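# Coordinates in review
The chain contents come next:
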Amino acid sequence: MSDHFEDEMQQLLDQAGALDHGPEQIEILDRAVRLADAHNHLPYGFFARKRMMSAATFGGAPEKALVAFTWCIGQCDRSPDEFDSSELLWEYKWVVSGLKQFPQITRAQIESSFEDMSRRYQENGLSLKPIYKLRSMFGIHRGDLDEARRWQRLWRNTDSGYGNDCAACELHDQVEFMLFVGKDERAVEMAQPILNNRMRCAEIPHLTYAHLLLPFMKLGQVEEAYSA
């Protein structure tokens, strides 16, 4: 393997790392993936695609995240001694969560993804709490109250472990569930740590504000709606 290839590859990865998520970062990582494939360098191909999963998920290109993940998990299954699938379990959440954006992906295919994800979590001794939450969120997306409730109970009552979102995101998603089942007052009450700036992250409170605008208006809390 030439030093020129190694240098060019590292330069592309460094350039991507210096950028915020968005089209430019994705384009550079696309070039890194193509370069690794042109030199048939599987480790670099794996690493560049792993970086692509994050860039594409948060940069508005979930289809690229799905393609990158599928390639990587395939390499793990073909060469488990060289590629460890446990390195992909965090990204698996992003990919499965994004499946609802693709109308061509069937419910049966989504269910198969959940089953595969659950198997891999169990094989690595991990809590299934993140998967229960994803399943509840899919119930909300489909408007299936029974499904959302069934999985929410498991999500709420299962101990946390690796793969859980941060506390702010967990609370936001519980607030979203309460809104889905029509408990607006309870949702606003639960959201107080977020609204009072005691819990926050890169995405929260921004997402929470958007979800609570209509409930605030329905509850007659107009000032709170304007503040959000």
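Residues numbered from 1 in each chain as written. Predicted model: local features only at pLDDT ≥ 70, side-chain atom pairs only at ≥ 80, totals over all residues. Heavy atoms only, no water.

### Re the overall build of the protein chain
When helices and strands are tallied, the protein chain shows 13 helices and zero strands. For the protein chain, the sequential pattern of α-helices and β-strands runs α-α-α-α-α-α-α-α-α-α-α-α-α. Expressed as lengths along the three principal axes of its C-alpha atoms, the size of the protein chain is roughly 65 × 35 × 30 Å. The 228 residues of the protein chain split such that 44% are buried. Sequence-distant contacts, at least 24 apart, represent 58% of the contacts inside the protein chain between residues at least 6 apart. With the model as given, the accessible surface of the protein chain reaches about 12,200 Å², and the carbon-plus-sulfur share is 50%. (Helix = DSSP H or I, 4+ residues; strand = E, 2+ residues; numbered from the N terminus. Buried < 20%, exposed > 50% of the residue type's maximum accessible area, 1.4 Å probe, protein only. Contact = heavy atoms within 4.5 Å. Areas by Shrake-Rupley, 256 points an atom, 1.4 Å probe, with all protein chains shown as cover.)

### Comments concerning the environment of L212
Inspection of the secondary structure assignment puts L212 in helix α12 (residues 206-218). Relative accessible area serves as the criterion here: at 0%, L212 is assigned to the buried category. Measuring from C-alpha to C-alpha, the distance between L212 and Q109 comes to 32 Å, with 103 residues separating the pair along the chain. Sequence-distant contacts of L212, defined by excluding residues within four places in its chain, comprise V175, L179, V188, A191 and L195.

### What to know about the packing of aromatic side chains
Across all of its chains, the model carries six aromatic pairs by this definition. Each ring, one from F58 and one from W94, has its centre 5.0 Å from the other, and the planes form 80°; the classification is edge-to-face. Taken together, the positions of F58 in helix α3 (residues 42-58) and W94 in helix α5 (residues 89-98) put the pair 36 residues apart, joining distant regions of the chain. Classification of F58 by relative accessible area gives partly exposed; the value is 37%. Judged by centre distance (5.8 Å) and plane angle (25°), the rings of Y132 and W151 are stacked. On the criterion of sequence distance, the pair formed by Y132 in helix α7 (residues 129-142) and W151 in helix α8 (residues 145-157) is long-range, its members being 19 residues apart. Each member of the pair, Y132 as well as W151, is classed as buried. The ring of W71 has R49 lying over it, and the distance from NZ or CZ to the ring centre is 3.8 Å. (Phe/Tyr/Trp six-rings, centres within 6.5 Å; stacked < 30°, edge-to-face > 60°. Lys NZ or Arg CZ within 6 Å of the ring centre and 35° of its normal.)

### A word on the pattern of salt bridges
If you walk through the whole model with that rule in mind, you get 17 salt bridges. Residue E111 pairs with R135 through a salt bridge whose shortest N-O separation is 2.9 Å. Taken as a pair, E111 in helix α6 (residues 107-123) and R135 in helix α7 lie far apart in primary sequence, 24 residues in all. On the basis of relative accessible area, R135 is assigned to the buried category, the value being 8%. When the shortest N-O distance is used, the salt bridge between R142 and E147 registers 2.6 Å. (Salt bridge = Lys/Arg side-chain N within 4 Å of Asp/Glu carboxyl O.)

### Notes on helix α9 (residues 167-180)
With 14 residues, α9 should cover 20 Å at 1.5 Å per step; its first-to-last C-alpha distance of 20 Å lies within 8% of that length. Most of α9 sits inside the fold, with eleven of its 14 residues counted as buried. Among all positions of α9, only A168, C169, E170, L171, H172, D173, Q174, V175, F177, M178 and L179 are buried. Against α7, α8, α10 (184-190), α11 (192-195) and α12 lie the buried residues of α9. Taken from the residues just after α9, G182 is the one with a positive phi, measuring 85°. (Expected span 1.5 Å × (residues − 1).)

Fair warning: the whole summary comes from geometry, so function is off the table for now.
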